Amino acid sequence: MEGERAKRPFDIDVAFERIREAVQPHPKAAMFALADEGFRSPFEQLVACIISIRTYDEVSLPTARRLFGRARIPAEVARLSPGEIDELIETCTFHEPKARQILAIARRVVDKYGGALPCDAEVMLSFAGVGPKCANLALGIACGQPRISVDVHVHRVTNRWGYVQARTPEWTEAALRAVLPEAYHVEINRLLVPFGKHVCTGTVPRCSECPILDMCQQQGVRKHR
Ligand code: SF4
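In this text, all values refer to a predicted model and were calculated from it rather than measured experimentally. (Residues numbered from 1 in each chain as written. Predicted model: local features only at pLDDT ≥ 70, side-chain atom pairs only at ≥ 80, totals over all residues. Heavy atoms only, no water.)

A.B. asks: Explanation requested: the overall build of the protein chain in the structure shown.
C.D. replies: Regarding its fold elements, the protein chain presents 12 helices and 0 strands. The helix and strand sequence of the protein chain, counted from the amino end, reads α-α-α-α-α-α-α-α-α-α-α-α. Relative to its length of 225 residues, the protein chain is compact, with a C-alpha radius of gyration of 19 Å against a globular reference of 17 Å. Dimensions of the protein chain along its principal axes, counting C-alpha atoms only, are 65 × 30 × 30 Å. (Helix = DSSP H or I, 4+ residues; strand = E, 2+ residues; numbered from the N terminus. Rg over C-alpha atoms; globule rule 2.2 N^0.38 Å.)

Put into structure tokens, the structure is as follows:
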């Protein structure tokens, strides 16, 4: 896109350094914001991520806070009825099935795991409503495991860089696992969610003000600002 201008080789350390700076003024990615507020147990992170699916952060953040204001630990959530949970999270998309899923997780954690959700990918992925994106976020943020959570932003941005070439978020996750230094596995979501929302946006990215234009391949970008 940038005419014939030569690009420098992509340097992930430099990219992270510049993007850290670029996202400073913007709101944090939802799960990281909640963790900074103290909602950082595996259960809270997993439940908040379920609430956030297909829901804007502006809605999912207060929704998660409202639920946790009433019930934060699995034993407390397990005592609620599906209707009570549904009412607490009714502002998010698909609140009815999500309420049932959250209650089922809380009950199973109480019955099977002594009331604390273990830092175990297999256990998390066995719950209805939990996919790799949410499991990896909870394992990364709450458990400190080097997990890459690929949402639409991480998928789109890393493919535009030319850093990976993958058609689906699942393939992007696998490709990133092979090339991304482990120290960045959790941080990539923290950085690329706000970066994808405010700079490398969906249809017309803001390439002219992008801090890594000099090394981004702008793959698939047909129009930019
Ligand atoms: S905004 Fe443009 S230059 Fe920056 S990462 Fe996205 S596609 Fe690359």
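A.B. asks: Please clarify how the state of the cysteines should be interpreted in this entry.
C.D. replies: Going through the model one piece at a time under the given rule, you end up with 2 disulfides. With its sulfur 2.1 Å from that of its partner, Cys49 forms a disulfide with Cys134. One disulfide, between Cys49 and Cys134, carries an S-S torsion of -80 degrees and so falls in the left-handed class. Separated by 85 residues along the polypeptide, Cys49 in helix 3 (residues 42-52) and Cys134 in helix 9 (residues 132-141) bring together distant segments of the chain. Each sulfur of the disulfide joining Cys119 and Cys143 lies 2.1 Å from the other. (Disulfide = S-S within 2.5 Å.)

A.B. asks: Just to check I follow, could you spell out the packing of aromatic side chains for this structure?
C.D. replies: Remark: the centre distance and the inter-plane angle together describe each pair of aromatic rings, the angle taken between the planes. All chains considered together, the criterion is met by 5 aromatic pairs. Measuring from centroid to centroid gives 4.8 Å for Phe10 and Trp161, while their planes differ by 35 degrees, and the two rings are tilted. With Phe10 in the segment before helix 1 (12-23) and Trp161 in helix 10 (residues 152-161), this residue pair connects regions lying 151 residues apart in the sequence. Classification of Phe10 as partly exposed rests on a relative accessible area of 24%. With relative accessibility at 2%, the residue Trp161 sits in the buried group. In this structure an aromatic cluster arises from ring pairing among Phe10, Trp161 and Tyr163. (Phe/Tyr/Trp six-rings, centres within 6.5 Å; stacked < 30°, edge-to-face > 60°. Buried < 20%, exposed > 50% of the residue type's maximum accessible area, 1.4 Å probe, protein only.)

A.B. asks: Please explain helix 11 (residues 169-179) as it appears in this structure.
C.D. replies: Owing to its 3.6 residues per turn, the α-helix brings residues three or four apart onto one side. Buried within helix 11 are the following residues: Thr172, Glu173 and Leu176. Summarising the axial view, the buried residues of helix 11 lie within an arc of 105 degrees, below the 170-degree limit, and thus occupy one face. Along helix 11, the residues that are exposed and aim more than 90 degrees away from the buried face are Trp171 and Ala178. Buried residues in helix 11 make contact with helix 9, helix 10 and helix 12 (187-198). (Arc of directions from axis to C-beta. Contact = heavy atoms within 4.5 Å.)

A.B. asks: Explain the packing of helix 10 against helix 11 here, please?
C.D. replies: The packing of two helices is summarised by the inter-axis angle and the distance between the axes. At their nearest, the axes of helix 10 and helix 11 sit 9 Å apart, and the two run at 60 degrees to each other. Considering the angle they form, helix 10 stands oblique to helix 11. Of the two elements, helix 10 crosses helix 11, and the hand of that crossing is left-handed. Contacts between helix 10 and helix 11 involve Val154, His155, Thr158 and Asn159 on the former and, on the latter, Pro169, Thr172 and Leu176. For the contact of helix 10 with helix 11, the class distribution of residues is 3 nonpolar, 4 polar and no charged. (Axes fitted to C-alpha atoms, helices over the stretch in contact; angles between N-to-C directions. Parallel < 35°, antiparallel > 145°, perpendicular 65-115°, else oblique. Left-handed = near helix turned anticlockwise from the far one by under 90°. Nonpolar A, V, L, I, M, F, W, Y, C, P; charged D, E, K, R; others polar.)

A.B. asks: Teacher, can you tell me more about unusual backbone geometry here?
C.D. replies: Most of the time, phi is negative for any residue but glycine, and the peptide bond is trans. Positive phi, normally seen in glycine, also occurs at Arg54, with a value near 55 degrees. Structurally, Arg54 can be placed in the loop between helix 3 and helix 4 (57-70). With a phi angle near 55 degrees, Phe94 is a residue other than glycine that sits in the positive phi range. Tracing the backbone through its elements, the reader meets Phe94 in the loop between helix 6 (82-88) and helix 7 (95-112).

A.B. asks: Explain helix 4 to me, please; I cannot follow it from the model alone.
C.D. replies: Relative to the 20 Å expected for 14 residues at 1.5 Å per residue, helix 4 spans 20 Å between its end C-alpha atoms, a close match to the ideal helical length. By the burial criterion, the buried members of helix 4 are Asp57, Ser60, Leu61, Thr63, Ala64, Leu67 and Phe68. Buried residues in helix 4, looked at end-on, bunch into an arc of 165 degrees, giving them a common side. Residues Glu58 and Gly69 are exposed on helix 4 and point more than 90 degrees away from its buried face. Check the buried side of helix 4 and you find it contacts helix 2 (30-36), helix 3, helix 6 and helix 12. (Expected span 1.5 Å × (residues − 1).)

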